Amino acid sequence: QVQLVESGGALVKAGDSLTLSCAVSGGTLSTHAMGWFRQAPGKEREVVVSVSRDGGSSHLAESVKVRFTMSRDNAKNTYYLQMNNLKPDDTAIYYCAAKIASVGWRMYTDSYDYDYWGQGTQVTVSS
């Protein structure tokens, strides 16, 4: 029943900022762990950010530390990925994902751990 829809992808220049959104329907964010993944051309899908169900634990990939931040708006059933100081290496299709989480503090960094996925949104960063 849960569906996720990403939006906000665009063509930007190096150093620009961009915010991606993930709208959730058929469920509530408060019962799920959440994450953002990306897949660049010729590369494996990798975790960008993951957050536990209770929001108390989070993980950011080394390549995006300091630059990227995840947030949520439970009232709107939407969560976001704020990306700052974008680099050409950030070019990829970005996916939002959610997992039914029985443990509040646990976060997940492997794609196979997730139950629901969005369709992806393209982010392209020019040099």
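Starting afresh in each chain, residues are numbered from 1 along the sequence in its written order. In keeping with the predicted nature of the model, local features appear solely for residues at pLDDT of at least 70, side-chain atom pairs appear and are counted solely at 80 or more, and the whole-chain, interface and lining totals rest on all residues. Heavy atoms from the whole structure form the basis of all side-chain values; hydrogens and water molecules are not counted.

S.K.: Even after reading the chapter, I still don't get the overall build of the protein, so can you show me in this structure?
M.R.: Put simply, DSSP marks the helices as runs of H or I at least four residues long and the strands as runs of E at least two long, and each gets a number from the N terminus on. Along the protein, the regular secondary structure elements total zero helices and 11 strands. Reading the protein from its N terminus to its C terminus gives the helix and strand order β-β-β-β-β-β-β-β-β-β-β. For the radius of gyration, the atoms used are the C-alpha atoms, and the globule rule reads 2.2 Å times the number of residues raised to 0.38. The C-alpha radius of gyration computed for the protein amounts to 14 Å, which stays within 12% of the reference 14 Å derived for 127 residues, consistent with globular compactness. Along the first, second and third principal axes, the C-alpha set of the protein runs to 40 × 25 × 25 Å. By residue count, 43% of the 127 residues in the protein fall in the buried class. Only heavy atoms matter for contacts: two residues are in contact if any of them lie within 4.5 Å across the pair. Contacts in the protein between residues at least 24 apart in sequence constitute 62% of all its contacts with a sequence separation of at least 6. Exposure was quantified through the Shrake-Rupley algorithm and a 1.4 Å probe, taking into account, for residues, occlusion by the shown protein chains and nothing else. Approximately 6,500 Å² of the protein is accessible, and the part contributed by carbon and sulfur atoms is 48%. Working definition: with a 1.4 Å probe on protein chains only, accessible area under 20% of the residue-type maximum means buried, over 50% means exposed, and in between means partly exposed.

S.K.: Can you help me understand the pattern of salt bridges in this one?
M.R.: Two side chains bearing opposite charge may form a pair once their charged atoms approach each other closely. Note on definitions: salt bridges are taken to be side-chain nitrogens of Lys or Arg within 4 Å of carboxyl oxygens of Asp or Glu. All chains considered together, the criterion is met by four salt bridges. A salt bridge links D90 to R38; the nearest nitrogen and oxygen atoms lie 2.9 Å apart. Taken together, the residues span a long stretch of sequence, with D90 in the loop between β8 (78-83) and β9 (92-100) and R38 in strand β4 (residues 32-39) at a distance of 52 residues. Of the two residues, D90 and R38, neither departs from the other in class, the shared state being buried. Across the pair R67 and D90 runs a salt bridge whose closest N-O atoms are separated by 2.8 Å. Of the two residues, R67 sits in the loop between β6 (58-60) and β7 (68-73) while D90 sits in the loop between β8 and β9, which places them 23 residues apart along the sequence. Of the two residues, R67 and D90, both sit in the buried class. Salt bridges sharing partners connect three or more residues here, namely R38, E46, R67 and D90.

S.K.: I keep staring at the pairing of strand β3 (residues 18-25) and nothing clicks. Help me out?
M.R.: Along any regular strand, the residues point their side chains to alternate faces of the sheet. Here the rule is simple: two strands pair whenever DSSP picks up at least two bridges between them. Here strand β1 (residues 3-7) pairs with β3 via five bridges, running antiparallel. Bridged to L4 within β3 is V24. As paired elements, β3 and β8 share six bridges and run antiparallel to each other. Bridging from a neighbouring strand, C22 pairs with Y79 of β8.

S.K.: Would you take a moment to explain the side chain of R38 for this structure?
M.R.: Assessed through its relative accessible area of 6%, R38 is described here as buried. A 3.5 Å cut-off defines polar contacts: any pair of N or O atoms within that distance qualifies, except that in protein one atom must be a possible hydrogen donor and the other a possible acceptor, and neighbouring residues in sequence count only when both atoms are side-chain atoms. A distance of 2.9 Å separates polar atoms of two side chains, one belonging to R38 and the other to D90. Of the polar contacts made by the side chain of R38, one reaches the side chain of Y94; its length is 2.9 Å.

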